[in-house]
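# Observations on the model geometry
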Amino acid sequence: MRVRGYAPGTPCWAEVASPDPVAARAFYGGLFGWQFNDDGHFTLNGRAVAGLRTAAAGGPAAWLISIATDDPAGTAEAVRRAGGTVKVPPTSVRDLGTLSVVADAGGAVFGTWQRSRFGGAQVSFEPGAICWYELASHDLARTGAFYGEVFGWHPVETENIEPYFELHHHNDAVGGLLPIDERFPAGLPEHWTVCFMVEDAVTACERVAELGGTVARKPMASSAGWYARAADPSGAHFALIEISDEYGF
């Protein structure tokens with residue numbers, strides 16, 4: 001599905017930081033059929049789908065999601081007031097836009113993005129593209145209060161097989177929220193996960209392994225379809241979702 005823009009308070013983009021960008025291009029190109037353009041973006045059928053940057057020396061390989069804003073400085077201040085921290089203050093990224101990197105009250109890191117020439121992902125909800133963002137938290141009440149104050153979001157409990165909430169912005173679901181419980185390794189910090197749509201979750205997980213990645217969680221049934229968690233060869237984690245026909249996509 002082609003995307004033309006994002007309202008403030010809506011997740012709009014994700015990029016992977018990798019210590020080996022060449023290997024990352026090979027991995028994601030092999031997994032999703034992505035190409036790469038001069039802006040440093042992965043593309044799917046010519047449309048920007050995700051970003052790639054070199055990880056800071058000694059920094060982890062990781063995916064970073066970004067949430068659209070029309071006031072980067074104001075959003076950064078709202079993050080501080082709500083108990084979060086600003087790790088990178090609003091910074092221009094060439095002529096593309098303005099990026100800030102922050103952490104919420106529980107320590108989950110994310111970015112904010114004010115568009116200039118570039119608005120965010122130009123495609124979503126099709127195989128090989130981002131279809132969802134979700135947040136794992138130790139304290140759902142604290143997390144809900146933080147995102148409510150900063151972006152006006154509110155959690156809505158779903159009828160999922162396991163405890164799960166949708167984060168709503170003006171009555172539209174913009175992401176998921178789940179508790180960090182026995183399903184997760186002990187000591188896991190709070191974190192955002194970017195989720196990619198695939199045609200077949202089992203085949204996609206096999207391809208992850210063939211390309212040198214790891215499958216952290218084999219495909220399991222969810223309300224939306226078949227869900228799996230994986231990591232690229234450098235250790236950046238992400239999720240794969242095979243959307244069921246009943247879900248409406």
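Coordinates for the structure precede this section.
In short, a report on the structure. (Residues numbered from 1 in each chain as written. Predicted model: local features only at pLDDT ≥ 70, side-chain atom pairs only at ≥ 80, totals over all residues. Heavy atoms only, no water.)

## What to know about the overall build of the chain
How we decide: Helix numbers and strand numbers start at the N terminus; a helix is a DSSP run of H or I with at least 4 residues, a strand a run of E with at least 2. Computation of the radius of gyration draws on C-alpha atoms alone. For the globule rule, the value is 2.2 Å times the number of residues to the power 0.38. Each residue is assigned to one of three classes by its accessible area relative to the maximum for its type, calculated with a 1.4 Å probe on protein chains only: buried under 20%, partly exposed between the two thresholds, exposed over 50%. Contacts are residue-level and defined by heavy atoms, with any inter-residue pair within 4.5 Å sufficient. For accessible areas, the Shrake-Rupley method is used with a probe of radius 1.4 Å. Any residue's cover is judged against the shown protein chains and nothing else. All tallies of charge rest on Lys and Arg as positive and Asp and Glu as negative; His and the ends of each chain are not included. In plain terms, the charge of a residue is placed at NZ if it is Lys, CZ if Arg, CG if Asp and CD if Glu.
Scanning the chain from terminus to terminus reveals four helices and 16 strands. Taking 249 residues into account, the globule formula puts the C-alpha radius of gyration at 18 Å, and the chain, at 17 Å, falls close to it. The buried share of the chain, taken over its 249 residues, is 51%. For the chain, contacts bridging at least 24 residues in sequence account for 60% of all contacts bridging at least 6. Accessible surface for the chain amounts to roughly 11400 Å². Of this, 51% is attributable to carbon and sulfur atoms. For the chain, the distance from the average site of its 17 positive side-chain charges to the average site of its 29 negative ones is 7 Å.

## Quick notes on the sheet that holds strand β7 (residues 97–103)
Counted only if it meets this: By definition, two strands form a pair when at least two bridges between them are found by DSSP. Angular values range over 0 to 180 degrees, each being the angle between N-to-C directions of two axes fitted as lines to C-alpha atoms, with helices fitted over their stretch in contact.
Strand order in the open sheet made by the eight strands is β2-β3-β4-β1-β5-β8-β7-β6, with mixed pairing throughout. The two strands at the open ends of the sheet, each matched to only one other strand, are β2 (35–36) and β6 (85–93). Pairing of β2 with strand β3 (residues 41–44) involves two bridges; the strand directions are antiparallel. In the strand pairing of β3, Phe36 is matched with Phe42. Strands β6, β7 and β8 (109–115) of the sheet are contacted by helix α2 (residues 72–81), whose axis makes an angle of about 170 degrees with β6.

## Quick notes on the pairing of strand β4 (residues 47–54)
Judged by how many residues are buried, β4 sits mostly within the fold: six of eight residues are covered. Both strand β1 (residues 11–18) and β4 contribute to a ladder of four bridges, which runs parallel. Directly across from Ala17, in β4, lies its bridge partner Arg53. Hairpin remark: β3 followed by β4, antiparallel, with two residues in the connecting loop; positive phi at Asn45, about 55 degrees.

## Focus on the nonpolar core
Our working rule: Among the buried residues, those of types Ala, Val, Leu, Ile, Met, Phe, Trp, Tyr and Cys that are joined through side-chain atoms within 4.5 Å form a nonpolar core.
Ranked by internal contacts, the top residues of the largest apolar core, which has 50 residues, are Tyr28, Trp34, Trp63, Trp192 and Phe238. When residues in this core are grouped by element, the largest group, five residues, is from helix α1 (residues 21–32). The next biggest cluster of nonpolar side chains, apart from the first, holds 13 residues, and it includes Ala136, Leu178, Phe184 and Ala239.

## So, the pattern of salt bridges
Put simply, the rule is: In the sections that follow, a salt bridge refers to a side-chain nitrogen of Lys or Arg positioned within 4 Å of a carboxyl oxygen of Asp or Glu.
The tally for this structure, following the rule as stated, stands at eight salt bridges. Note that Arg142 is salt-bridged to Glu190, the shortest N-O span being 2.2 Å. Of the two residues, Arg142 is situated in helix α3 (residues 140–151) and Glu190 in the loop between β12 (172–179) and β13 (191–197); the sequence distance between them amounts to 48 residues. Owing to a relative accessible area of 31%, Arg142 belongs among the partly exposed residues under this scheme. Each of Asp39, Asp95 and Arg117 takes part in salt bridges that share partners, so that together they form one network.

## Let's talk about α1
Within an α-helix, residues lying three or four positions from one another point in the same direction, as the helix has 3.6 residues per turn. Quick reminder of the rule: To estimate the expected span of a helix, subtract one from its residue number and multiply by 1.5 Å.
Between its first and last C-alpha atoms α1 spans 16 Å; for twelve residues at 1.5 Å apiece the expected length is 16 Å, and the two agree. Looking at α1, one finds that the buried residues are Ala24, Phe27, Tyr28, Gly29, Leu31 and Phe32. After α1 finishes, the residue Gly33 shows a positive phi value of roughly 75 degrees.

## Remarks on α2
Our working rule: Note that the arc is computed from the directions linking the helix axis to the C-beta atoms.
Looking at α2, one finds that the buried residues are Pro72, Thr75, Ala76, Ala78 and Val79. Considered in projection along α2, the buried side chains sweep an arc of 160 degrees and stay on one side of the axis. Those residues of α2 that are exposed and aimed more than 90 degrees away from the buried face are Ala73 and Arg81. Buried residues belonging to α2 abut β6, β7, β8 and α3.

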